[in-house]
Amino acid sequence: MRLRHCHNFHDFRELARRRLPSPIFDYIDGAADDEETYRRNTKAFESCELIPSVLRGVENIDLSVIVMGQKLAMPVYCSPTALQRLFHHQGERAVAKAAAKFGTMFGVSSLGTVSLEELRKAYDTPQVYQLYFHKDRALNRAMMQRAKDAGINVMMLTVDSITGGNRERDLRTGFSIPFQLTLGGMVQFVIKPTWAINYLTHERFKLPQLDEHVDMGGGAISIGRYFTEMLDPSMNWNDVAEMVRVWNGQFCLKGIMSVADAKRAVEIGCTGIILSNHGGRQLDGSRAAFDQLAEIADAVGDKIDVMMDGGVRRGTHVLKALSLGAKAVGIGRYYLFPLAAAGQAGVEMALSLLRNEIERDMKLMGCSSVNQLSRANLKYR
Ligand SMILES: Cc1cc2nc3c(=O)[nH]c(=O)nc-3n(C[C@H](O)[C@H](O)[C@H](O)COP(=O)(O)O)c2cc1C
């Protein structure tokens, strides 16, 4: 199986499964507890159906949207994800380059493996910086200042990770940073030598957003310990209000799920929220973002940019989310599997397939621009 044999998300996932040592594949593919939320995220899109209009002159389709003050050529962006150079040696560089080619936004994680400054300089497309909230308030301010100095367009604070999710696939394989593989996990690396050769012959693995603060090299602190020791479980709305003031620009909260919290985000001056359950990797049994979208869009959609992520695998999923009131939709595994399978060529192919699907689906829906999508073209079963 090669990249040219991939026609959809499922094919990218299968190619990644064949090419990656299984502990890495499982880290990307896995989710918390029984992975119910992970499955529901995609299933949720089946709860309603699209009603097309015909004979509406759809030769030219405009897929562009403005979200968080950024103009995107398509209504989909690459959500921030950790450790990308572990999946493929090109990592964030491949994702940023592909996002720039398709005129869309990408996120750099606090746990990213390429520096936010390098990416900001190299690729001319809207860039998000995803932050976690540290106990050390001076560190939070320093990180925001660093992002400001680099010219980051959007600050995104992830609020659903106050503690790490229970990812049992990782417990079984021993996946952690630094690696603490079980014997079974090690065998999986031996039988996929191409990954190991690539990993060992490219630039050393590091976490440049954190390396001044966390000594990953000497194994002094693992990512697990980073979450438990450095992040602040006492984080509250006042803390975040202060960050919003300090940033003084586009600021969104990732992981909002309740109407009350969405309203609170408006009150403290956020300019966007992302309905998300972290791809099912945190609280298993939590609601799918798509199921919760209409209620939140109704409550705050005229005051703040509402986005969502989780389970998006098809152009029609994007159309359904936009119809309910999302301004744009984030993807995670949809670009991570092709990245892992084939680097930049993979991410480009994924974005191209998704864009073509959205464009084709818009034509079939009789809509020539995304703002023509509305609840009128959706019906629940
Ligand atoms: C391997 C992996 C790593 C992730 N790392 C982060 C991260 O560092 N910060 C963050 O806010 N979200 C992270 N996420 C969550 C994504 O940003 C996004 O919310 C999620 O992947 C959406 O679900 P989907 O993968 O079904 O599209 C990660 C997701 C995956 C799969």
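Report on the accompanying structure.

Rules behind the numbers
Residues numbered from 1 in each chain as written. Predicted model: local features only at pLDDT ≥ 70, side-chain atom pairs only at ≥ 80, totals over all residues. Heavy atoms only, no water. Buried < 20%, exposed > 50% of the residue type's maximum accessible area, 1.4 Å probe, protein only. Helix = DSSP H or I, 4+ residues; strand = E, 2+ residues; numbered from the N terminus. Pairing = 2+ DSSP bridges. Phe/Tyr/Trp six-rings, centres within 6.5 Å; stacked < 30°, edge-to-face > 60°. Lys NZ or Arg CZ within 6 Å of the ring centre and 35° of its normal. Core = buried A, V, L, I, M, F, W, Y, C linked by side-chain atoms within 4.5 Å. Axes fitted to C-alpha atoms, helices over the stretch in contact; angles between N-to-C directions. Parallel < 35°, antiparallel > 145°, perpendicular 65-115°, else oblique. Contact = heavy atoms within 4.5 Å. Nonpolar A, V, L, I, M, F, W, Y, C, P; charged D, E, K, R; others polar.

### Observations concerning the pairing of strand 11 (residues 328-331)
Where burial is concerned, the two faces of strand 11 agree: the one with Ala328 and Gly330 and the one with Val329 and Ile331 are both buried. Bridge analysis of strand 4 (residues 76-78) against strand 11 gives three bridges, and the strand direction is parallel. Of the residues in strand 11, the one forming a bridge with valine 76 is valine 329. Relative to strand 11, strand 10 (residues 305-309) is paired through three bridges, and the arrangement is parallel. Directly across from methionine 307, in strand 11, lies its bridge partner alanine 328.

### Quick word on the packing of aromatic side chains
Under the defined criterion, the tally for this structure stands at 10 aromatic pairs. Here tryptophan 195 and tyrosine 199 contribute two aromatic rings whose centre-to-centre distance is 4.8 Å and whose plane-to-plane angle is 10 degrees, an arrangement assigned as stacked. Of the two residues, tryptophan 195 and tyrosine 199 both sit in helix 10 (residues 193-201), four residues apart, roughly one turn of that helix. Classification of tryptophan 195 by relative accessible area gives buried; the value is 10%. Its guanidinium or amino end placed over the ring of tyrosine 27, arginine 281 lies 4.8 Å from that ring's centre, counting from NZ or CZ.

### What about the nonpolar core?
With 131 residues, the main nonpolar core has Leu83, Phe87, Phe251, Ile273 and Met308 as its most contacted residues. The element best represented in this core is helix 16 (residues 333-365), accounting for 14 residues.

### Concerning the packing of helix 2 (residues 22-29) against helix 9 (residues 183-190)
At their nearest, the axes of helix 2 and helix 9 sit 7 Å apart, and the two run at 105 degrees to each other. The angle between helix 2 and helix 9 places the two elements in the roughly perpendicular class. In this structure, helix 2 contributes Ser22, Pro23 and Ile24 to the contact, and helix 9 contributes Gly185, Gln188 and Phe189. Grouping the constituent residues of the contact of helix 2 with helix 9 by class yields three nonpolar, three polar and no charged.

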